[in-house]
Amino acid sequence: MKIAILQMDVKVAQNFADCEQNFIRARELINRALKRGADVAVLPEAFNTSFNTAKFKELADTNAAHTKKFLSEISQKNGAVLIGGAINSRQDKIYNSAFVYQNGAKILRYDKIHAFSLARENEIVSGGDKLGICEIKFQNRAVKIGVVICYDLRFCEIFRALALCGAQIVFVIAQFAQSRIEHFITLAKARSIENQIFICAVNGCGDTGQGESFGGNSMLIGPGGEIVARLGKKEAVKIARANLDEILKFRAKMDLLKDMKPEIYKEF
């Protein structure tokens, strides 16, 4: 599976015109990836607005209409799987969501479960209550994937739940700041190792608008924790290959999920 990591420098939007510029830039990056034969193209968290909680209410995509139309149209023309996150509103509530589209159809909407309290996101965004798991089509077979958003990366339980549901790849779309980038790298590798799955962690880059930058370092990590591909700190598109058969090879040697003792864990 050829995965396009779209490490986008999302403009910190101050108005809807800025949001539209982000959509234009996202389309350019997606087109670059699809021309290189990507099966899956992944944008970071909040690619419509950037992660600026002060503007979430003002600039939220109503009913995610613009985002869904954007992803639907491109995926319909190219057949690739598109994954991207957007700040959106529904019934007077604000959500930080991820969307998965293939062949023009919405495969998944995942609402971020863990709101980032340090940035007071929890005071603005309504948290989701369902796992982000779905099936995509790849080479005439169904592949289960999971999707999480940024701060979710710090909660190992959600990744274990996705792995137990059969997810072979979990996509982490994020806007991790440079000051916490080592956490991003370490946690992404840990989530891969402890579940023996691929982790595709796609981070933003560029100015946060708050005196620092988003840290980039987007990665594809294999089921043994090895880094298959990694980007730097600047905007870039990188195509990385995920051989899903590697999961079976690792688990044939040491199957962590099989060796779990959930009956004991429940006692605590």
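Residues numbered from 1 in each chain as written. Predicted model: local features only at pLDDT ≥ 70, side-chain atom pairs only at ≥ 80, totals over all residues. Heavy atoms only, no water.

Moving on, we get to the overall build of the chain. Scanning the chain from N- to C-terminus turns up 7 helices and 15 strands. On C-alpha atoms alone, the chain measures out to a radius of gyration of 17 Å, which is about the 18 Å that the 2.2 N^0.38 rule sets for 268 residues. Along the longest, intermediate and shortest principal axes, the C-alpha atoms of the chain span 55 × 45 × 35 Å. The burial tally for the chain puts 54% of its 268 residues in the buried class. (Helix = DSSP H or I, 4+ residues; strand = E, 2+ residues; numbered from the N terminus. Rg over C-alpha atoms; globule rule 2.2 N^0.38 Å. Buried < 20%, exposed > 50% of the residue type's maximum accessible area, 1.4 Å probe, protein only.)

For the pair helix H1 (residues 16–35) and helix H3 (residues 65–78), the least separation of the axes is 12 Å and the interaxial angle reads 20°. In terms of their interaxial angle, H1 and H3 are classed as roughly parallel. In the packing of H1 onto H3, the handedness of the crossing is right-handed. Residue-level contacts link Glu-20, Phe-23, Ala-26, Arg-27, Ile-30 and Leu-34 of H1 to His-66, Thr-67, Phe-70, Glu-73, Ile-74 and Asn-78 of H3. (Axes fitted to C-alpha atoms, helices over the stretch in contact; angles between N-to-C directions. Parallel < 35°, antiparallel > 145°, perpendicular 65-115°, else oblique. Left-handed = near helix turned anticlockwise from the far one by under 90°. Contact = heavy atoms within 4.5 Å.)

The final tally for this structure, using the stated rule, is 8 aromatic pairs. The interplanar angle of 55° and the centroid separation of 5.0 Å between the aromatic rings of Phe-116 and Tyr-151 together place this pair among those described as tilted. Placement of Phe-116 in the loop between strand E6 (105–111) and strand E7 (133–138) and of Tyr-151 in the loop between strand E8 (141–149) and helix H4 (156–164) is noted, with a sequence separation of 35 residues between them. Tyr-151 carries the same exposure label as Phe-116, and that label is buried. (Phe/Tyr/Trp six-rings, centres within 6.5 Å; stacked < 30°, edge-to-face > 60°.)

The next thing to look at is helix H5 (residues 181–195). Taking 1.5 Å of rise per residue, the 15 residues of H5 would be expected to cover 21 Å, and the 22 Å separating its terminal C-alpha atoms lies within 8% of that figure. Where H5 is buried, its residues meet H4, strand E10 (198–202), strand E12 (213–215), strand E13 (219–221), strand E14 (227–230) and helix H6 (245–253). Where H5 terminates, the next one or two residues include Gln-196, which has phi positive at roughly 55°. (Expected span 1.5 Å × (residues − 1).)

Attention now moves to the pattern of salt bridges. Across all of its chains, the model carries 10 salt bridges by this definition. For Arg-25, the salt bridge goes to Glu-28, with nearest N and O atoms at 2.7 Å. With a gap of 3 residues between them, Arg-25 and Glu-28 both fall in helix H1, about one helical turn apart. The partner of Arg-90 in a salt bridge is Asp-111, and the shortest N-O contact between them spans 3.8 Å. You can see Arg-90 sitting in strand E4 (residues 81–90) and its partner Asp-111 sitting in strand E6, a full 21 residues away along the chain. A single network of salt bridges, built from pairs that share partners, joins Arg-25, Glu-28 and Glu-235. (Salt bridge = Lys/Arg side-chain N within 4 Å of Asp/Glu carboxyl O.)

Here the focus is the UniProt feature "domain: CN hydrolase" (unreviewed entry) in the chain. This chain's UniProt record puts "domain: CN hydrolase" (unreviewed entry) on residues 1–246. Segment residues 1–246 splits into 26% helix and 33% strand. End C-alpha atoms: 12 Å apart. (UniProt positions renumbered as here; feature names shortened; annotations may be inferred.)

A few words now on the sheet that holds E10. Here 6 strands make up an open sheet; going across it, the order is E7-E8-E9-E10-E13-E14 and the pairing mixed. This sheet does not close on itself; its edge strands, each paired only once, are E7 and E14. Mean inter-strand twist for the sheet, computed between neighbouring axes without regard to direction, equals 20°. Inspection of the sheet shows E7 paired to E8 by 6 bridges, in the antiparallel sense. Paired with Phe-138 across the strands is Arg-141, a residue of E8. (Pairing = 2+ DSSP bridges.)

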